[in-house]
Amino acid sequence: MEFLKFEKKHVLGIQEIDVQHKEIYESVNHLYEILNGDKKEIIENYQSLLQKLKVHFETEENLMKKIKWLSLFLINLSTIEHWKNILNILKH
C-alpha cells in the first residue's frame, strides 16, 4: 500500500528534480511499508531518505540561484539595450 502517491500533477518538467521527487516518494513509501519491521533496516532507510532530501534541496537551491542569475543577466541586458536606444535617439 502506498502512503504517498507520485502523480502526474507532481511532475514539474525538470527531469533531475522530477526524478528526485519520485525517488523521495518511493523512499517514504518503503519506510511506511517497513515501519513495524527491523529497526536497523528502518534506520538505514531513514538515513538514505535524509541524504536524498539533502541532495534534492541542494539541487533546487542551485537551480534557483541559476535562475536568479539568468534573470539578473536578462534584466541588465534589457537595460543596456534600453540605454543604447536612448543614446541613438539623442544622437539624432
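Model, not experiment: these values are computed from the prediction. Every residue gets a number counted from 1 within its own chain, in the order that chain's sequence is written. In keeping with the predicted nature of the model, local features appear solely for residues at pLDDT of at least 70, side-chain atom pairs appear and are counted solely at 80 or more, and the whole-chain, interface and lining totals rest on all residues. Water and hydrogen atoms play no part in the side-chain values, which are based on all heavy atoms of the structure.

K.L.:
How should I be thinking about the overall build of the chain in this particular structure?
P.N.:
Only DSSP runs of H or I reaching four residues or more are called helices, and only runs of E reaching two or more are called strands; each is numbered from the N terminus. Assigned secondary structure in the chain consists of 2 helices and 0 strands. Looking at the chain as a whole, 17% of its 92 residues qualify as buried. Once local pairs closer than 6 in sequence are excluded, the contacts in the chain between residues at least 24 apart make up 51%. Throughout, exposure labels follow a simple rule: accessible area from a 1.4 Å probe, protein chains only, divided by the maximum for the residue type, with under 20% read as buried, over 50% as exposed, and the rest as partly exposed. In what follows, a contact means two residues having at least one pair of non-hydrogen atoms within 4.5 Å.

K.L.:
Sorry if this is basic, but what is going on with a nonpolar patch on the surface here?
P.N.:
A cluster of nonpolar side chains, namely Met1, Phe3, Leu4, Tyr32 and Leu35, defines an oily patch on the protein surface of about 550 Å² accessible area. Checked against the element boundaries, Met1 lands in the segment before helix H1 (15-33). Owing to a relative accessible area of 76%, Met1 belongs among the exposed residues under this scheme. Note that patches include only residues with greater than 30% relative accessible area and no salt bridge, and the join distances are 9 Å for like charges and 5 Å for nonpolar side chains (Val, Leu, Ile, Met, Phe, Trp, Tyr). A 1.4 Å probe and the Shrake-Rupley method give the accessible areas. Residues count as covered only by the protein chains that appear here. The working definition used for a salt bridge is a side-chain nitrogen of Lys or Arg within 4 Å of a carboxyl oxygen of Asp or Glu.

K.L.:
In this structure, what is going on with the environment of Leu53? I would like to understand it.
P.N.:
As for its position among the elements, Leu53 is in helix H2 (residues 39-91). Residues Leu53 and Glu23 lie 30 residues apart in sequence; the distance between their C-alpha atoms is 9.7 Å.

K.L.:
Sorry if this is basic, but what is going on with the packing of aromatic side chains here?
P.N.:
Working definition: an aromatic ring pair is given by the centre-to-centre distance plus the angle between the planes. Stacked, tilted and edge-to-face are the three classes applied to pairs of Phe, Tyr and Trp rings, where Trp contributes its six-membered ring and a pair requires centres within 6.5 Å; stacked means planes under 30 degrees apart, edge-to-face means over 60, and tilted covers the rest. Going through the model one piece at a time under the given rule, you end up with 2 aromatic pairs. Ring plane angle 75 degrees and centroid distance 5.2 Å describe the contact between Phe6 and Tyr25, whose orientation is recorded as edge-to-face. Highlighted residues: Phe6 in the segment before H1 and Tyr25 in helix H1, separated in sequence by 19 residues.

K.L.:
Please clarify how the side chain of Asn29 should be interpreted in this entry.
P.N.:
Counting through the fold element by element, Asn29 comes out in helix H1. A polar side-chain atom of Asn29 sits 2.7 Å from the main-chain carbonyl oxygen of Leu4. Definition of a polar contact: a pair of N or O atoms within 3.5 Å, with one able to donate and the other able to accept a hydrogen when the atoms are protein atoms, and with sequence-neighbouring residues admitted only if both atoms are side-chain atoms.

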